[in-house]
Amino acid sequence: MSKLLEIALGIVTSIGGFLDVGAIATAAQAGSNYRFGLIWALVLGTICVMFLVEMSGRLAAVSKHTLAAAVRERFGFNFYILPLVAEMVVDFLVLGAEIGGVCIALQLLTGVSFQWWALPVAFAIWLLLWKGNFGLIENGVSLFGLVTLAFVVATFKLRPDLPAVAQGLVPKLPQTDLAEYLFVGVSILGAIISPYLFYFYSSGAVEDKWDESYLGVNRAVAGLGMGFGSIVALGVLIVSAQVLYPRGIRVDSYEQAALMLTQPLGYWGFILFALSLGVTCFGAALEVSLNTAYVTSQAFGWIWGENLHPQQAARFNAVYTIFVFLASLLMVAGIDPLKLTLFSMALTAVILPLAIGPFLVLMNDREYVGEYRNGWISNTVVIFTIALAFVLAIVAIPLEILGG
């Protein structure tokens, strides 16, 4: 019974991990610019992330190693230093974007410029990390992400043309703006197949002391949980396509995106958009901050754990303290949160090969996963995702220049 509750809670709280500033921004931009034409990218990214999250949880449950620790041990520190630095840079930019998303939400609700909210938001994130534990971060905060179901409700109220939605499952290049179309597609994949999600998930499994008895829970949370989060992201895309696309409103700012729920839900739609943006970004900011501390501590062999008292893991806590403060300065400096989001999602695509490549070795290594090694289906998905990651890494920055 307790494991059933864990599955239910994991599925619900997966919204906090799957849906963040990147998923909201890229889905809204895809719908407003290309109607249903980029649904295929969202579905493709979801399938890949389901498998990768399941593998990272299985690795942690069987080997008692986090993904970062396993990569460092199996391949050596000299190999791991490059993905570590890449992950820290991307985490820093993503954290700045997540803090920016919270600040924009507060600006929408209060009228006070987002720059003024940056340091108070950063302090709130740090205080919750300093005083809270992993269960509070993972479940308590993420439960508020249920407010994003407003996008699903709005989708049903708008009654989209289902055959047209289904056509979006098949990639079809547009007649114009090809570079921008591909850039948004790459950004969607970067937002969904985000390395911090794998590292955070495996670290959480170790914090929660998972063992082989949790493999069923892991499969359910990875599959159904990521699918649940994907449905909400799909709702964002469809609502944007139904409301903004017909009016020729292209999402170049969060203020424009905030209009998408006003047609189906009226004045409260605006409030619900702001709350959805703020809550999901706050939850994701907590996870990204923790992930940075996790991967850094695990790389250098430091004591780590959100469940430990700060004095027991001083360097672990120092890492997220420094990163949260520095990332908030990006917003204080007035950097546009939406532009930072799209750039960081494209950069995430660039580092994907470094993050995904080790899965193929680790998940077939008897020393780590024993009899729970990958089958042919999982290995096929990993190989496909690695190939996709290399393509994304090559095209992301050129597309950023040409179309972003």
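Refer to the structure printed above.
Residues numbered from 1 in each chain as written. Predicted model: local features only at pLDDT ≥ 70, side-chain atom pairs only at ≥ 80, totals over all residues. Heavy atoms only, no water.

Caption draft 1: How the structure looks around the pattern of salt bridges. Across all of its chains, the model carries 4 salt bridges by this definition. A salt bridge links R74 to D365; its shortest N-O distance comes to 2.9 Å. Remark: D365 occurs in the loop between α17 (337-362) and α18 (366-369) and R74 occurs in helix α4 (residues 67-75); sequence separation between them is 291 residues. Its relative accessible area of 37% is what places R74 among the partly exposed residues. Residue R250 is joined to E180 by a salt bridge in which the shortest nitrogen-to-oxygen separation is 3.1 Å. (Salt bridge = Lys/Arg side-chain N within 4 Å of Asp/Glu carboxyl O. Helix = DSSP H or I, 4+ residues; strand = E, 2+ residues; numbered from the N terminus. Buried < 20%, exposed > 50% of the residue type's maximum accessible area, 1.4 Å probe, protein only.)

Caption draft 2: Focus on helix α5 (residues 77-110). Helix length check: α5, at 34 residues, gives a terminal C-alpha distance of 47 Å against a target of 50 Å (1.5 Å per residue), a fit within 8%. Just beyond α5, the residue with positive phi is G111, at close to 85 degrees. (Expected span 1.5 Å × (residues − 1).)

Caption draft 3: Fine view of the nonpolar core. Ranked by size, the top nonpolar core spans 141 residues in total, and within it F198 and M260 carry the most contacts. In this structure, F198 is in contact with V49, L52, V53, S56, L67, I193, I356 and F359, ignoring residues within four places of it in sequence. (Core = buried A, V, L, I, M, F, W, Y, C linked by side-chain atoms within 4.5 Å. Contact = heavy atoms within 4.5 Å.)

Caption draft 4: Up close: the packing of aromatic side chains. Overall, the coordinates contain 16 aromatic pairs when judged by the stated rule. Measuring from centroid to centroid gives 5.2 Å for Y34 and Y181, while their planes differ by 85 degrees, and the two rings are edge-to-face. Taken together, the residues Y34 in helix α2 (residues 21-34) and Y181 in helix α10 (residues 178-192) connect sequence positions 147 residues apart. Like Y34, the residue Y181 is buried in the burial classification. Ring centres of F300 and W302 lie 5.4 Å apart, and the angle between their planes is 20 degrees; this geometry places the pair in the stacked category. Residue class for W302 comes out partly exposed when judged on its relative accessible area of 22%. By the ring-pair criterion, three or more aromatic residues cluster together here, those being F200, Y294, W304, F316 and Y320. Above the plane of the ring of F75 lies R74, whose end atom (NZ or CZ) is 5.6 Å from the centre. (Phe/Tyr/Trp six-rings, centres within 6.5 Å; stacked < 30°, edge-to-face > 60°. Lys NZ or Arg CZ within 6 Å of the ring centre and 35° of its normal.)

Caption draft 5: Inspection of helix α6 (residues 114-131) at higher detail. Between its terminal C-alpha atoms α6 stretches 26 Å, which fits the 26 Å expected from 18 residues at 1.5 Å a residue. For α6, the principal kink sits at P120 and spans about 25 degrees. Among the residues making up α6, those that are buried are F114, A118, V121, A122, I125 and L129. (Bend = angle between axes of the 7 residues up to and from the residue.)

What is shown is where atoms sit, not what they do.
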